[in-house]
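Residue-level listing of the chains:
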Amino acid sequence: APWRLMMSLNPSRGCLLDLPWEDILVPHILCHLPLQQLLSLQRVSKSFQSLIQLYLANMRCFDSSQIEPAIPRAAFVNLLKDNEVLQQLALQNCSDWLTDRELLPVIGQNHHLHQIQLKGCAQLSRHALVAISLSCPNLRRLSLAHCEWVDSLSLRSLADHCKVLEAVDLTACRQLKDEAICYLVQKCSRLKSLSLAVNANVGDVAVEEIAKCCPELEHLDLTGCLRVKNDSIRVLAEYCPKLRSLKVKHCHNVAESSLSVLRSRGVELDVEPPLQRALVLLQDVVGFAPFINLQI
């Protein structure tokens with residue numbers, strides 16, 4: 001419906017562009033159109049080009065995945081060059097070309113960002129995270145999954161300046177060790193969701209500090225953290241009453257003896273109880289689930 005309205009330019013009914021741009025078109029009509037269509041609309045006329053540029057300058061949310069095929073470097077720079085009011089920025093499909101040179105100006109002029117998604121942006125550097133920490137004090141959600149350039153110093157900067165963080169994804173940030181994670185959670189005690197998956201350097205020290213510093217924690221992903229053991233999981237169960245999900249698959253030193261308390265509280269776990277795992281394995285081997293008297 002909004003698209004048909006945009007293309008209804010019959011002079012006898014009045015021109016759509018005669019409506020107030022900032023009060024009507026930008027906040028009530030353009031916001032309902034996919035970004036890809038808005039960019040195409042710029043080619044209709046110079047007036048439409050000016051309208052779309054006004055919209056881009058006032059856009060609160062930018063998600064590069066809405067542009068197919070993947071957004072080119074020059075287009076990204078042009079689209080956001082005048083925007084100073086972004087609140088959400090998602091750049092997960094820009095990994096082939098996104099560097100500090102393109103990202104830092106956007107971060108530097110947008111101080112209201114509260115959600116940033118940089119998953120897989122491998123060509124950035126620690127300077128990008130430092131810039132985020134200095135420019136975005138109200139940041140609440142940050143994904144740095146598979147960004148191996150994240151190091152302890154840049155994470156310290158984030159912790160020092162972004163103390164209202166609620167969700168951080170550090171999956172496969174392999175430079176990080178227990179000390180860096182401890183510093184983060186000591187400064188950012190409001191964390192509700194944290195992923196440390198696929199990091200062999202994270203162990204019990206970090207998990208216990210998470211438990212003691214983050215009483216609001218609801219989701220924790222420790223998938224593949226080989227150094228995590230039962231003791232820290234027990235501390236997690238004791239100190240995190242709001243925990244709703246825990247991922248410990250491939251944590252070979254975490255056993256049911258520590259998970260059972262969480263399981264009894266209804267916490268969602270990504271590993272099944274030992275008996276159920278055995279039944280599933282048996283079913284895979286022989287093709288059926290045997291009848292077992294569970295009271296034996």
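Here the structure is shown first, and the text comes after it.
Computed from a prediction, not measured in an experiment: that's the story for all the values here. (Residues numbered from 1 in each chain as written. Predicted model: local features only at pLDDT ≥ 70, side-chain atom pairs only at ≥ 80, totals over all residues. Heavy atoms only, no water.)

### Observations concerning the nonpolar core
Formed by 93 residues in total, the largest nonpolar core has its most connected members in Phe62, Leu170, Leu222 and Leu246. When residues of this core are sorted by domain, at least three fall in each of domain 1 (20-58) and domain 2 (60-284). In this structure, leucine 222 is in contact with Leu196, Ala197, Val207, Val228, Ile233, Leu246, Lys247, Val248 and Cys251, ignoring residues within four places of it in sequence. (Core = buried A, V, L, I, M, F, W, Y, C linked by side-chain atoms within 4.5 Å. Buried < 20%, exposed > 50% of the residue type's maximum accessible area, 1.4 Å probe, protein only. Domains from an automatic or database assignment. Contact = heavy atoms within 4.5 Å.)

### Points about the packing of helix H6 (residues 100-108) against helix H7 (residues 126-135)
Relative orientation of the contacting elements H6 and H7 amounts to 5 degrees, with a least axis distance of 9 Å. Between H6 and H7, the crossing angle belongs to the class labelled roughly parallel. Judged by residue contacts, Asp100, Leu103, Leu104, Ile107 and Gly108 of H6 engage His127, Ala128, Ala131, Ile132 and Ser135 from H7. A class-by-class count of the residues in the contact of H6 with H7 yields six nonpolar, three polar and one charged. (Axes fitted to C-alpha atoms, helices over the stretch in contact; angles between N-to-C directions. Helix = DSSP H or I, 4+ residues; strand = E, 2+ residues; numbered from the N terminus. Parallel < 35°, antiparallel > 145°, perpendicular 65-115°, else oblique. Nonpolar A, V, L, I, M, F, W, Y, C, P; charged D, E, K, R; others polar.)

### Looking at the state of the cysteines
In this structure the tally under the stated criterion is zero disulfides. You can see cysteine 136 has no disulfide; the closest cysteine sulfur is in cysteine 162, sitting 6.6 Å from it. A residue is classified by how much of its surface remains accessible, and cysteine 136, at 0% relative accessible area, is buried. For the unlinked cysteine cysteine 214, the closest cysteine sulfur is that of cysteine 213, found at 6.0 Å. (Disulfide = S-S within 2.5 Å.)

### Points about the sheet that holds strand S9 (residues 268-269)
What the nine strands build is an open sheet, ordered S1-S2-S3-S4-S5-S6-S7-S8-S9; its pairing is parallel. Looking at strand neighbours, the two that pair on one side only are strand S1 (61-63) and S9, the edges of this open sheet. Examined bridge by bridge, strand S3 (residues 115-117) and strand S4 (residues 141-143) share three bridges and lie parallel to one another. Within the sheet, the bridge partner assigned to glutamine 117 lies in S4 and is serine 143. (Pairing = 2+ DSSP bridges.)

### Looking at the environment of phenylalanine 76
Looking at the secondary structure, you find phenylalanine 76 in helix H5 (residues 73-80). Overall, phenylalanine 76 belongs to the buried group, its relative accessible area being 0%. Separated by 26 residues in the primary sequence, phenylalanine 76 and glutamate 102 place their C-alpha atoms 8.1 Å from one another. Here phenylalanine 76 is in contact with Phe62, Ile71, Leu91, Trp97, Leu98, Glu102 and Val106, once residues within four sequence places are set aside.

### Topic: the pattern of salt bridges
For the coordinates displayed, the defined rule picks out eleven salt bridges. As a salt-bridge pair, lysine 242 and glutamate 216 come within 2.6 Å of each other at their nearest N and O atoms. Of this pair, lysine 242 sits in the loop between helix H11 (230-239) and strand S8 (245-247) while glutamate 216 sits in the loop between helix H10 (204-213) and strand S7 (219-221), and the two are 26 residues apart along the sequence. Accessibility expressed as a relative area gives 41% for lysine 242, which makes it partly exposed. The exposure class of glutamate 216 is partly exposed, given its relative accessible area of 29%. Salt-bridge contacts for glutamate 218 lead to arginine 244; the nearest nitrogen and oxygen are separated by 3.3 Å. Placement of the pair is glutamate 218 in the loop between H10 and S7 and arginine 244 in the loop between H11 and S8, with a sequence separation of 26 residues. (Salt bridge = Lys/Arg side-chain N within 4 Å of Asp/Glu carboxyl O.)

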